[in-house]
Structure formats: structure tokens, C-alpha cells
Amino acid sequence: MYQINDNYLKLPGSYLFSTIGKKVAAYSAANPDKNIIRLGIGDVTQPIAPSIIAAMHKAVDEMGNAETFHGYAPDLGYEFLRDAIAKNDYQARGCNISADEIFVSDGAKSDSGNIQEIFSTDNRIAVCDPVYPVYVDSNVMAGRTGTYDPKTETWSNVIYMPCTAENHFVPELPKETPDMIYLCLPNNPTGTTLTKGQLQEWVDYANKVGAVIIYDAAYEAYISEDNVAHSIYECKGATTCAIELRSFSKNAGFTGVRLGFTVVPKELKCNDVSLHALWARRHGTKFNGAPYIVQRAGEAVYSEAGKRELKAQVAYYMNNAKTIKNGLKDAGYEVYGGTNAPYIWLKTPNNMTSWEFFDYLLENANVVGTPGSGFGPSGEGYFRLTAFGNYENTVKALERIKAL
Ligand SMILES: *Cc1c(COP(=O)(O)O)cnc(C)c1O
């Protein structure tokens, strides 16, 4: 008789955003006259930029023509896109990354979940706490995390690196040596980041102890401060210890279009085995990667018009971030983030737990946010608001919160 992968049974409770969805639906059903403003889920709201829509239309027409039709895409992705990425995201920033080190994909969520498959299940992972839940969850399913303690909401075989107001949300080098280190910078949910100098310490550490860094730069486009690295490859020695994940979701609104990429440098080796060669065998090659039409859309992100339009979108969201941040400060809240990321991370008032504050905000201001505890045990007592809404609703939400 067949057996299931019972690691899946170890996943605790329900998914954060399904719990939020159920609570909001129940409140909404009981209070149909209330206008609820959602500043919870990390999804964009601005439409796809015109130059990108034009590129997609053109690609759609090409697919209907025998001479310009495209079937299976090449393994790593189309060269036109990988060239544009290498040039704009890496070489222009002095990073020694070439187009053939870039693997185009359907987004950073699948890559960040699947990348662990090329590593031994005996490896020990280290994660920032709080952080995007996919890293821990995918390692739970792989059987790498040990046992779950519901009391502390921690896994026995995961090294947690607390990021709280006490350490300015900067993770400290772990006392126990990890094999795989997940860094998400700028961080979701705290919105904070490291300086280039601080990041260099992590690269030096990983090279010294023989750990691999999995670096999620999904929010790279939101970096506004000069001393923050846009890519880990701006650090010396990163090509021998780091894999970088990127997404077009948050910088170009592709959450529904689906496009991302992963950089696995050719120099990155484990006992002479090339990780690049291993990732080339990953699931999803050809079948689950990005369609031609979407890769043409990605290419347009790097066109002059695309860059201009997307800069305006990022500025729009970051203006929301500023509005939320300043508004909350005026209302007496302790707030973080919002400078290099579209997330505001606030301390819950009056020692409320994250979920208590969630209910309080939903019931009294009709505003939906995300409880910090959903991102890890050190997120307890914090709360995330996103800048991805439209400006009018963001202002309205802030007025309601201020009036509490
Ligand atoms: C949104 C997000 C992603 C997911 O990106 P997709 O390309 O849409 O899959 C990856 N990492 C972090 C930290 C995110 O917040």
C-alpha cells in the first residue's frame, strides 16, 4: 500500500492567509454594511504598465503565426530576457554575473520552495525570525526541520535568528553553525534591511563555515538608501556561497502574470559538484517555467519606457508607505520599515498579541492587516501593514486608525 509523505502532516494549523480570509469573511457576513480596507496580503494593485502590455500583445500575435510561433522555451529561459537581466540587474551594478548563470522561472515562491531539493536533508537551516514562511514550510515538507513545539512555535532543527526592535531587526551571526542560511532582504515582513558592509559579514561567514546563502531579493526595487546592496553579488566572494532569488511580482505587478529568476553562479560548488548543474535538472524545466509571452513581458521591464513606468509604480506604493508610517507615528505607534520595502512593521499597542490587534483593527477600524506571529515566533507582538493598496484607501485606513 502506498504511503504519503508524512512530513506534510507536521505543518501546523492552517495557512496564515487562509485564517485571515476566514476571519474577514465572517466579520463581513455579520456586518454587511461595513467597508473593509485590506492592507494585509502582500499583493500589488496597480495594473501592468502600458509598455509591458504592448510587449505581451505583440508576443501573443507572434504565437498565432507559423513563422514566429514559439513552443517549449529553452531550459534556462530565453536569451533576450537573461541578457537583459544580466546587464541591468547585475553588470550595471558591478556584479560579475553572466546570462548563463540565470534561470528564468514562474516566480520566486516556487524557486524559494524548490531550491532546497538540491541539498541534503541532513543540512541544518537558519532563518531570520520573522520572515516569509515559505523557507521553513518547504523544509518541513522535505523533512529537514525536526519536531514542532507548539508552545514556542519553533522547530527543533531550525536555527532561528531573531530580528526584533532590540537588535534593530538585524540578524546576528548564529552561534550554532548552519549549512543553509536564508536571507530575505529587504525583509518581508519587517521591511528592514542590511547595509552592504553588514551583508559582506554574512558572505564572509558563509565562505568560512561552508554554508550556502539563499538570498531572496524580491523587494530589491524598493531600496532607496545608497548603502544597501541590491544584489548579494555586490559583496566580495558571494559567487562561491550564494544563490539569489528574484521576482517580477513586486516591482512590475506580475503576481498574476508569474515571472521570476534564480541566479546560481558557475563558481558555486559543494565538494567540486556544481550547484548550477544540479539546478539545471530541477522540476519544471520547460513545462512549468515562464511562457514566451511572459518572458517578452519581462524583457519590456528593462526597456526605457518600462523602467520609467515601473519607477512611478514603486514611487506610488512608497508614497503609501510614507503615509502609513507617518500617520501611525502621529498616532503614537512604534513603527519600522517602509523606507526600503513596501511594508510597515508596527509594535502592537498595549501589549496586545498580534491576533488580538488583528481583531481589534478589523472590528474597530475595519482595516485588515497581518499578524506578526504568522511570520515566526519573534513576530509576536508586531503587525504588518502593506503599502500595496490604492492611495485613497490607504489614507482612509489611516484616518480610521488614528481615530481609535
Ligand atoms: C512575494 C514574495 C515572493 C514571491 O514572489 P513570486 O514571484 O510572486 O512567487 C518571494 N519572496 C518574498 C519574500 C515575497 O514577499
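Scroll up to find the structure this text is about.
Residues numbered from 1 in each chain as written. Predicted model: local features only at pLDDT ≥ 70, side-chain atom pairs only at ≥ 80, totals over all residues. Heavy atoms only, no water.

Caption draft 1: Focus on the packing of helix 2 (residues 50-63) against helix 9 (residues 292-301). Closest axis-to-axis distance for the helix 2/helix 9 pair is 8 Å, and the angle between their directions is 150°. Relative to helix 9, helix 2 is oriented roughly antiparallel. Relative to helix 9, helix 2 is oriented so that their crossing is right-handed. For the pair helix 2 and helix 9, contact is made by Ser51, Ile52, Ala55, Met56, Ala59, Val60, Glu62 and Met63 and by Tyr292, Ile293, Arg296, Ala297, Ala300 and Val301, respectively. (Axes fitted to C-alpha atoms, helices over the stretch in contact; angles between N-to-C directions. Helix = DSSP H or I, 4+ residues; strand = E, 2+ residues; numbered from the N terminus. Parallel < 35°, antiparallel > 145°, perpendicular 65-115°, else oblique. Left-handed = near helix turned anticlockwise from the far one by under 90°. Contact = heavy atoms within 4.5 Å.)

Caption draft 2: Region of interest: the pattern of salt bridges. One pass over the full model with this rule turns up 11 salt bridges. Note that Asp89 and Arg246 form a salt bridge whose closest N and O atoms lie 3.6 Å from each other. Taken together, the residues Asp89 in helix 3 (residues 79-90) and Arg246 in strand 9 (residues 242-247) connect sequence positions 157 residues apart. Residue class for Asp89 comes out buried when judged on its relative accessible area of 11%. The exposure class assigned to Arg246 is buried, which follows from its relative accessible area of 3%. Glu299 is paired through a salt bridge with Arg296; the nearest N and O atoms lie 2.8 Å apart. Of this pair, Glu299 and Arg296 both sit in helix 9, 3 residues apart, which is roughly one turn of that helix. The exposure class of Glu299 is partly exposed, given its relative accessible area of 28%. Of the residues examined, Arg296 reaches a relative accessible area of 22% and is grouped as partly exposed. Ionic contacts of the salt-bridge type, sharing partners, join the residues Asp89, Arg93, Glu220, Glu244 and Arg246 into one network. (Salt bridge = Lys/Arg side-chain N within 4 Å of Asp/Glu carboxyl O. Buried < 20%, exposed > 50% of the residue type's maximum accessible area, 1.4 Å probe, protein only.)

Caption draft 3: Molecular detail of the environment of Asp137. As for its position among the elements, Asp137 is in helix 5 (residues 134-141). Measuring from C-alpha to C-alpha, the distance between Asp137 and Asn157 comes to 13 Å, with 20 residues separating the pair along the chain.

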